[in-house]
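Here is how the chains run, residue by residue.
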Amino acid sequence: MKLSGLSLLVAALATVSLAHSADISGVITLKGTPPAEAELTPLIEDPTCGSLHTDKPTTHFYAVDAKGDLADVVVSLNVVGKSTGATVAPAVLDQNGCIYLPGIIAVQTGQKLVVKNSDPCIHNVHSISTAGNTDHNDAQMQGGTDLTYTFDKPEDFLKFQCDVHGWMKAWVTVVDSPYFAVSDKNGKFIIKNVPPGKYTLTAKHRKLSLVGTTYKGLEQSVEVADKNVTANFTFEVK
Ligand SMILES: [Cu+2]
């Protein structure tokens, strides 16, 4: 009797473990030709910042490769209240060559965002929320201590700017779960270890998704059962 109870337990555990989490991945592409990027003339003409570049830096509003693969798209699931931000590794935003790197970044609510200054000059890190997150405004000297911020509320493309160098901007999306990714230079994204279930997957681009003062992403339904899911998105230049 005892043995058969154990067998039942083993069988039950085996059943539970069948409900695997899985990855959602895909490629983001851009249809059409985006507007040309502009040279960052004030950066190039700035004695210190200009000297940090051998090429002529430009804006990166549409980070698209020759095949039309689109980087810097934030893809996320409609999951809230599941942040693991308090325990995951910090995200890092660097100021390097008087440019924020990366220019588009995503973090979880409560996750540390470490801001570094790799430049031989002062920057002034200024975050401006439109969703009720605390704003920050901190000078950071060359070689200065890293700044560490956290954000409590979900927000699309929270703006970071440098008040010393007007061209310096970064955009930080804050997500209330671990289920998000930012597409890489080949347009690829992967959201790992998603629990089984039905979700809405949303892809937002800082320029292409901006409608008025809010962001309206491309959406599709996805269902995670026991295997990995592919979900591609195509943005269009209007
Ligand atoms: Cu600066």
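Everything here concerns the structure above.
Residues numbered from 1 in each chain as written. Predicted model: local features only at pLDDT ≥ 70, side-chain atom pairs only at ≥ 80, totals over all residues. Heavy atoms only, no water.

A. Geometry of the state of the cysteines. Tallied over the full model, the rule gives one disulfide. The disulfide partner of C49 is C98, and the gap between their sulfur atoms is 2.1 Å. Judged by the sign of its S-S torsion, about -70°, the cystine formed by C49 and C98 is left-handed. Linking C49 in helix 3 (residues 47–50) with C98 in the loop between strand 3 (91–95) and strand 4 (100–101), this pair joins segments that are 49 residues apart in sequence. As far as the burial class goes, C49 and C98 line up, both buried. We note that C121 lacks a disulfide partner, and the nearest cysteine sulfur, in C98, lies 3.9 Å from it. (Disulfide = S-S within 2.5 Å. Helix = DSSP H or I, 4+ residues; strand = E, 2+ residues; numbered from the N terminus. Buried < 20%, exposed > 50% of the residue type's maximum accessible area, 1.4 Å probe, protein only.)

B. Main features of the nonpolar core. Counting 24 residues, the largest nonpolar core has Y100, L113, V115 and F160 as its most contacted members. Among the secondary structure elements, those contributing two or more residues to this core are strand 3, strand 5 (104–108), strand 6 (113–117), strand 9 (147–149), strand 10 (155–162) and strand 11 (169–175). Aside from chain neighbours lying at most four places away, what touches Y100 is L93, D94, Q95, N124, V125, H126, F160, Q161, C162, M168, K169 and A170. Counting 23 residues, the second-largest nonpolar core is a separate cluster that includes I28, V73, V79 and A181. (Core = buried A, V, L, I, M, F, W, Y, C linked by side-chain atoms within 4.5 Å. Contact = heavy atoms within 4.5 Å.)

C. The arrangement of the sheet that holds strand 3 in detail. Strand order across the open sheet formed by four strands is 4-3-6-9, with mixed pairing between neighbours. Across the chains shown, the open sheet's two edge strands, defined by having one partner strand only, are strand 4 and strand 9. In the sheet, strand 6 pairs with strand 9 via three bridges, with the strands oriented antiparallel. Within strand 9, the position partnered with V114 by the bridge is T148. (Pairing = 2+ DSSP bridges.)

D. The pairing of strand 1 (residues 22–31), seen in detail. Pairing between strand 1 and strand 13 (residues 188–194): five bridges, direction antiparallel. Its bridge partner being in strand 13, S25 is matched across the sheet by I190. In this structure, strand 1 lies alongside strand 18 (residues 229–230), joined through two bridges in parallel fashion. What sits directly across from I24, in strand 18, is V229. As defined by bridge partners, strand 1 adjoins strand 19 (residues 233–236) across four bridges and the pair is classed as parallel. Residue pairing in the sheet places T29 in a bridge with T234 of strand 19.

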